[in-house]
Structures are given as C-alpha cells and as structure tokens.
Amino acid sequence: MNTYRLAPRYTPGSPATVTDSDLARLVAKEERAAYEHALAGRRGPRGRELAEIEGLSGIVEEVWPYRQGWQVRDLLTGERFYRP
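Residues numbered from 1 in each chain as written. Predicted model: local features only at pLDDT ≥ 70, side-chain atom pairs only at ≥ 80, totals over all residues. Heavy atoms only, no water.

Re unusual backbone geometry
Phi is positive for Arg67, which is not a glycine, with a value near 55°. Inspection of the secondary structure assignment puts Arg67 in the loop between strand S3 (60-66) and strand S4 (69-74). (Helix = DSSP H or I, 4+ residues; strand = E, 2+ residues; numbered from the N terminus.)

In structure tokens form, the structure reads like this:
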C-alpha cells in the first residue's frame, strides 16, 4: 500500500503520513499556490527569498516499500528516487 508523506512548508500544518491520495493531492495543490504567492513577493522579500532557495521538493511525497528502503515520487516536482 502506498502512503504519502506530507511536510507543509508554505501553508500551516504539521508533517504527517497518510494513505488518502485525495488529501495528498489537495495539500500539493495548496502548497503550489502558496509557493507561487511567495515567489510573487506576496509574503515579503524574505518569503520570496526563502521560496527561491527551498523550492517545492520534499513537501508531498508518495512512498512505497522497495527492497530495503523506499521508492519515492515527489508529487510537486515529479522527481522519482530511491531512499534507503
């Protein structure tokens, strides 16, 4: 069973691991919108600078067991990788 790791960066919330794909997609959508607002300077110069540095990776990941680690697909960047 695939799970989703959520680590909100641009919206309020606490890190969580969930199995609900709809929730994961909703968080991804909200994070992308908040990220774009930060890049546009709507959160001030420091918010824009942090968004430019931190980007979107690692906020919402789909993970599933693979060998002795995890196969990971980042829902915001599309990146796929193996995490031991």
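Regarding the pattern of salt bridges
Inspection of every chain in the model, using the stated rule, returns six salt bridges. Glu54 is paired through a salt bridge with Arg9; the nearest N and O atoms lie 4.0 Å apart. Here Glu54, found in helix H2 (residues 44-54), pairs with Arg9, found in the loop between strand S1 (3-6) and strand S2 (16-18); they are 45 residues apart in sequence, far enough to count as distant. Across the pair Glu49 and Arg46 runs a salt bridge, and its minimum N-O distance is 3.3 Å. Here Arg46 and Glu49 lie together in helix H2, a separation of three residues that amounts to about one turn. In this structure Glu49 comes out as partly exposed when scored by relative accessible area, which is 38%. A residue is classified by how much of its surface remains accessible, and Arg46, at 49% relative accessible area, is partly exposed. (Salt bridge = Lys/Arg side-chain N within 4 Å of Asp/Glu carboxyl O. Buried < 20%, exposed > 50% of the residue type's maximum accessible area, 1.4 Å probe, protein only.)

Considering the packing of aromatic side chains
Taken as a whole and assessed by the stated rule, the structure comprises two aromatic pairs. Centroid distance Tyr66 to Tyr82: 6.0 Å. Interplanar angle 75°. Geometry classified as edge-to-face. Remark: Tyr82 occurs in strand S5 (residues 80-83) and Tyr66 occurs in strand S3; sequence separation between them is 16 residues. Taking the relative accessible area as the measure of exposure, Tyr82 reaches 37% and is therefore partly exposed. Looking at Arg5, its charged tip hangs above the ring of Trp70, at a distance of 4.8 Å from the centre. (Phe/Tyr/Trp six-rings, centres within 6.5 Å; stacked < 30°, edge-to-face > 60°. Lys NZ or Arg CZ within 6 Å of the ring centre and 35° of its normal.)

Digging into the environment of Val72
Along the chain, the position of Val72 falls in strand S4. The spatial distance from the C-alpha of Val72 to the C-alpha of Thr3 is 9.9 Å, given a sequence separation of 69 residues. Apart from residues no more than four positions distant in its own chain, Val72 is found in contact with Glu61, Glu62, Val63, Glu79, Arg80, Phe81 and Arg83. (Contact = heavy atoms within 4.5 Å.)

Focus on the pairing of S5
When S4 meets S5, the two strands line up antiparallel, connected through four bridges. Within the sheet, the bridge partner assigned to Arg73 lies in S5 and is Arg80. The loop that links S4 with its antiparallel partner S5 comprises five residues; one of these, Gly78, has a positive phi angle of about 80°. (Pairing = 2+ DSSP bridges.)

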